[in-house]
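Structure assessment
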Amino acid sequence: MKRNLLSVAALLFGTLFLFMGNGLQGILLPVRGNLEGYGTTTLGLLGTSWAGGFVIGCLVAPKIVRRVGHVRAFSGFISIIAIIALVSGIIIDPVWWVVLRAVTGFSTAGTSMIIESWLNERASNESRGAIFSLYIGITLIGVVGGQMMIPLEDVRTPVLFMICGIFYCIAMLPTTLSTAASPQPLKAVRLDLPALYRNSPVSCLGILLVGIANGAYGTLGAVFGAGAGLSDTSIAVMMSATIFAGAVMQLPAGRLSDRIDRRYVLAAMSGIAALAGLLIFLLHPTSPALLIGLVVLYGAVANTLYPIAVAHANDFAASEDFVKVSGGLLLLYGIGTVIGPTLSGPVMSAITPHALFLVTAIAHVLITVYAIIRSRIRAAVPASDRDAYTTIPTGTSAILTPQSMSLADRGAGKPPETGKSPESDDPAVKFG
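Rules used throughout
Residues numbered from 1 in each chain as written. Predicted model: local features only at pLDDT ≥ 70, side-chain atom pairs only at ≥ 80, totals over all residues. Heavy atoms only, no water. Helix = DSSP H or I, 4+ residues; strand = E, 2+ residues; numbered from the N terminus. Buried < 20%, exposed > 50% of the residue type's maximum accessible area, 1.4 Å probe, protein only. Axes fitted to C-alpha atoms, helices over the stretch in contact; angles between N-to-C directions. Parallel < 35°, antiparallel > 145°, perpendicular 65-115°, else oblique. Left-handed = near helix turned anticlockwise from the far one by under 90°. Contact = heavy atoms within 4.5 Å. Nonpolar A, V, L, I, M, F, W, Y, C, P; charged D, E, K, R; others polar. Salt bridge = Lys/Arg side-chain N within 4 Å of Asp/Glu carboxyl O. Phe/Tyr/Trp six-rings, centres within 6.5 Å; stacked < 30°, edge-to-face > 60°. Expected span 1.5 Å × (residues − 1). Polar contact = N/O pair within 3.5 Å; in protein donor to acceptor, adjacent residues only side chain to side chain.

Right, let's talk about the environment of Ile339 for a bit. Secondary-structure assignment places Ile339 in helix α14 (residues 322-350). Judged by its relative accessible area of 36%, Ile339 falls in the partly exposed class. Separated by 126 residues in the primary sequence, Ile339 and Ala213 place their C-alpha atoms 9.1 Å from one another.

How two helices sit against one another is set out by the angle between their axes and by the gap between those axes. Across the interface, helix α2 (residues 9-35) lies against helix α4 (residues 70-90) with an axial gap of 12 Å and an inter-helix angle of 30°. By the angle between their directions, the pair α2 and α4 is classed as roughly parallel. As α2 packs across α4, the resulting crossing turns out to be left-handed. Facing α2, whose interface residues are Leu18, Gln25 and Leu29, α4 presents Ile78, Ile81, Ile84, Ala85 and Ser88. In the contact of α2 with α4, the residues fall into six nonpolar, two polar and no charged.

Attention shifts here to the pattern of salt bridges. Taken as a whole, this structure holds six salt bridges when the rule is applied. Note that Arg262 and Asp258 form a salt bridge whose closest N and O atoms lie 2.9 Å from each other. Arg262 sits in the buried class, given a relative accessible area of 2%. A salt bridge links Arg262 to Asp315; its shortest N-O distance comes to 2.7 Å.

Attention shifts here to the packing of aromatic side chains. On inspection of all chains with the given rule, the structure shows 11 aromatic pairs. Considering the side-chain rings of Trp97 and Phe161, the 6.2 Å spacing of their centres and the 45° angle between planes classify their relative orientation as tilted. In this pair, Trp97 is assigned in helix α5 (residues 94-122) and Phe161 in helix α7 (residues 159-177), connecting sequence segments 64 residues apart. Each of the two residues, Trp97 as well as Phe161, counts as buried. Ring geometry for Tyr217 against Phe357: centres 6.0 Å apart, planes inclined by 50°, an arrangement best described as tilted. In this pair, Tyr217 is assigned in helix α9 (residues 201-227) and Phe357 in helix α15 (residues 356-377), connecting sequence segments 140 residues apart. One exposure class covers both Tyr217 and Phe357, and it is buried. Grouped by ring-pair contacts, the aromatic residues Tyr217, Phe224, Tyr298 and Phe357 constitute a single cluster.

Looking now at α5. For α5, with 29 residues, the first-to-last C-alpha span of 42 Å sits near the 42 Å given by 1.5 Å per residue. One side-chain oxygen of the residue at the start of α5 lies 3.1 Å from the amide nitrogen of Val95, identifying that residue as Asp93.

Let's shift gears to the side chain of Ser200. Mapped onto the elements of the fold, Ser200 is located in the loop between α8 (193-199) and α9. Every residue in contact with Ser200, bar those within four places of it in the chain, is listed here: His312, Ala313 and Arg378.

Written out as structure tokens, the structure reads:
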């Protein structure tokens, strides 16, 4: 175990600084853009372009890595991200920011896929779970650490953009200077969305809607905070606290979904998220403590939905299809994160900044209703035959790629005969 962890220590150290840069840049752009007077529609496009670039990166980046190798591709992707961070502090222009944000999303997908495949190859069966959990923890700490840099400097200056660039350059050093052998080429993932829907309709629609809600909040949460009268420090606390609350809540929610029908847990968590969102929209809390408290409650439950939906889809899939399932669900999540900010920006402009949570509430109500309806149509997989729940971060600046499903070792110990539901809509249907 110690040898396996030591072999990836340098890579994990670089990962920490990579996600610190991601977290800082992800909150810095909307905060600075809001001060520059950019409309919420324009700021929403920042999230739309990042998500679009990330999805394209998941499909295209493996070809680049196979052509030039892991180390060169990793250095190249991070160099691009660092350059964009610095240029964004020099060129204060919404059109340039939107275009550059798409390139950042593309490059982030490339770096994440390389890190996850590298960790996967270095991990043994005994250390795989520990390494995956450590990786998840580092991504969360990195994003939160980056966000908490906001109060340390005036966002009107280019200093924080320069700090982003420094973080990215530090992230590049461990793998660039390492003498360890590169991992094997990335595996291509063939996506089949119709088969994925047949495998689990709830997961498909649910993750699309989760992407809409998470993409809207992840991109425009800071803009909402500014519109609600919060200071830069309070905005950073709010955004970071929702990530921590979601991380803490994932384990109890996941364990509960291992014991009862996951769709009931999905419906309950979505219902609470919808209620919290509606309270924020209808009450317009003026107390910063109450407002942040409601947003943290929202984040605590909303951030549990993606991994529960993934686990539900894997309950009905054969273990060898887990990476394929993850790839398809990631694509749907990415489409949702493109729709969310694009839709929420104009809604916030037309109504109030608090209308951000009207959009998320509608998405979560739809998840609740559909999950309950499907629970009446299709029987759940027995608890003893389900895939084990795995924690998965889904923040705008910290989302895993299909490569992570191999690292997470989904399906370890799962009986081979559970590749299909005992009482599915079509007993002959099997994913793939």
